[in-house]
Amino acid sequence: MRALSGIQPTGPFHWGNYFGAIQQYIALQDECDDGSFYFIANLHALTTVREKERLQQYTLDGAIDLLALGLDPNKATLFVQSDVPEVSELCWLLLTGTPMGLLERCVSYKDKLAKGIKADAGLFTYPVLQAADILAYDATVVPVGEDQLQHIEVCRDLAQSFNHHFGETFVLPKGKVLDQSARVPGTDGEKMSKSYNNTLAVFDDVKAQRKQIMRIQTDSRPMEEPKDPAGDVLFDLLKLVASEATLAEWEATYRGGGFGYGDVKKALAEAAETYWGPARERRAEWAAKPGEVREILAAGAVKARQRAGETLCRAQAACGLKGW
Ligand code: AQP
């Protein structure tokens, strides 16, 4: 098994990123017998972050965050997407032969358009670059949140079609989501997402995190009414960070009624503080040594380029770009 996944440096990582994807990266670095590759997807981020300094800062911060959350460069290969130019070339090979309709049907693109986010060709062809990212490393498993499953299907379609046309070239990957956190809700109950301004950032300081938690939207049912915790946004978030005992207590309280959502928010803020405390300390340590983080990324890029280069050569030979 070889894992590969990427995360965009488009802003501070949020609970959705962690519980949907990063948590899996950390587990898979021990479970993969054939290595694991994780990258900061700065080429993808260019579709949204259009200020040089901000992109640079988010890229370094992204690596610091992953290291603080438990990614171990001795077990997994960590690198920056643009340090592996072979992937962009592979992307072109895949773009030729990608039906427009396949991309037009992508829900994440359609959702962004529906939310009034301006689209460019980069956003439209995003799933093809993502396919190149995955196929370049012969990944067999791709740990992601639910929103990315359709893109992995696109990747499989493109790989299958290339293999069918030019002969066996690419390994077909499978997406991997965690049932309990495949779609973490944001403060408005929609999917938590950097572009929807509804996030709880993993590394916000305690005060800022409390403030974000207090803005979580709740319904207006009377306090005395018993409530079903299933599907309640506050309870769903509590499930991610609270201890079993706290959760059991709150489950009983929900069913009994007679409580205010403000109390649940306070409990959530407290649980979050305890949960993220150790990672916050590790983050301060990594942030103090950016030179070491850059060295880790450079070493990761060397390894990643070697893998991607091999796949690119294979694909170029298969479709007639070499050997003429
Ligand atoms: N709410 C979520 N629940 C579960 N998983 C999630 N992921 C994102 N949001 C949730 C997963 O995090 C990984 C990295 O995400 P990304 O780089 O594709 O995009 P992002 O910018 O971090 O995610 P956003 O905030 O949702 O971005 P936009 O605004 O671009 O749509 C992926 O594995 C993703 O599934």
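Residues numbered from 1 in each chain as written. Predicted model: local features only at pLDDT ≥ 70, side-chain atom pairs only at ≥ 80, totals over all residues.

### As for the overall build of the chain
Then comes step 1: When helices and strands are counted, the chain shows 14 helices and five strands.
Then comes step 2: Here the C-alpha atoms of the chain give a radius of gyration of 21 Å, agreeing with the 20 Å that 2.2 N^0.38 yields for 324 residues.
Then comes step 3: Projecting the C-alpha coordinates of the chain onto the three principal axes gives extents of approximately 75 × 45 × 40 Å.
Then comes step 4: For the chain, the proportion of its 324 residues judged to be buried stands at 41%.
Then comes step 5: Within the chain, contacts between residues separated by at least 24 positions form 78% of all contacts whose residues are at least 6 apart in sequence. (Helix = DSSP H or I, 4+ residues; strand = E, 2+ residues; numbered from the N terminus. Rg over C-alpha atoms; globule rule 2.2 N^0.38 Å. Buried ≥ 20, exposed ≤ 12 C-beta atoms within 10 Å, placed from the backbone. Contact = placed C-beta atoms within 7 Å.)

### Remarks on the UniProt feature "binding site: L-tryptophan" (unreviewed entry) in the chain
Then comes step 1: Within this structure's numbering, the places UniProt gives as "binding site: L-tryptophan" (unreviewed entry) are Asp 133.
Then comes step 2: Turning to its location among the elements, Asp 133 is positioned in helix H8 (residues 126–136).
Then comes step 3: For Asp 133, a count of 27 C-beta atoms within 10 Å corresponds to the buried category.
Then comes step 4: Residue contacts for Asp 133: discarding those within four places in its chain leaves Gly 6, Gln 81 and Val 87. (UniProt positions renumbered as here; feature names shortened; annotations may be inferred.)

### Describing the site of the ligand
Then comes step 1: In the vicinity of the ligand, 21 residues are found, and the nearest of them are Gln 8, Gly 16, Gly 20, Gly 145 and Ser 195.
Then comes step 2: Of the residues forming the shell around the ligand, the biggest block, four residues, is contributed by helix H1 (residues 15–31).
Then comes step 3: When the residues that make up the shell around the ligand are grouped by side-chain class, the tally is seven nonpolar, ten polar and four charged. (Near = placed C-beta within 6 Å. Nonpolar A, V, L, I, M, F, W, Y, C, P; charged D, E, K, R; others polar.)

### A short note on the nonpolar core
Then comes step 1: By size, the foremost hydrophobic cluster in this structure holds 88 residues, and its most contacted members are Leu 78, Leu 90, Leu 94, Ala 131, Ala 132, Leu 238 and Leu 268.
Then comes step 2: In terms of residue count, the dominant contributor to this core is H8 (eight residues).
Then comes step 3: Summarising the domain contributions, this core has at least three residues from each of domain 1 (3–184 + 289–319) and domain 2 (204–284).
Then comes step 4: With near-sequence residues (within four places) excluded, Ala 131 lies in contact with Leu 94, Val 154, Cys 155 and Leu 158. (Core = buried A, V, L, I, M, F, W, Y, C linked by C-beta atoms within 7 Å. Domains from an automatic or database assignment.)

### Comments concerning the domain arrangement of the chain
Then comes step 1: Examined at the domain level, the chain breaks down into domain 1 (3–184 + 289–319) and domain 2 (204–284).
Then comes step 2: A C-alpha centroid distance of 32 Å is found between domain 1 and domain 2.
Then comes step 3: If you list the elements that add at least two residues to the side of domain 1 that touches domain 2, you get H1 and helix H3 (52–69).
Then comes step 4: The class makeup of the residues in the side of domain 1 that touches domain 2 is five nonpolar, one polar and one charged.

### Quick look at helix H4 (residues 86–95)
Within an α-helix, residues lying three or four positions from one another point in the same direction, as the helix has 3.6 residues per turn.
Then comes step 1: Of all the residues in H4, the buried ones are Glu 86, Val 87, Leu 90, Cys 91, Leu 93 and Leu 94. End-on view of H4: buried residues confined to an arc of 160 degrees, all on one side of the axis.
Then comes step 2: Turning to H4, the residues buried within the fold contact H8, helix H9 (149–166) and helix H14 (290–319).
Then comes step 3: At the C-terminal side of H4, Gly 97 shows a positive phi close to 105 degrees. (Arc of directions from axis to C-beta.)

### Focus: the environment of Leu 237
Then comes step 1: If you trace the backbone, Leu 237 turns up in helix H11 (residues 233–241).
Then comes step 2: Residues Leu 237 and Tyr 261, 24 residues apart in the sequence, show an inter-C-alpha distance of 13 Å.

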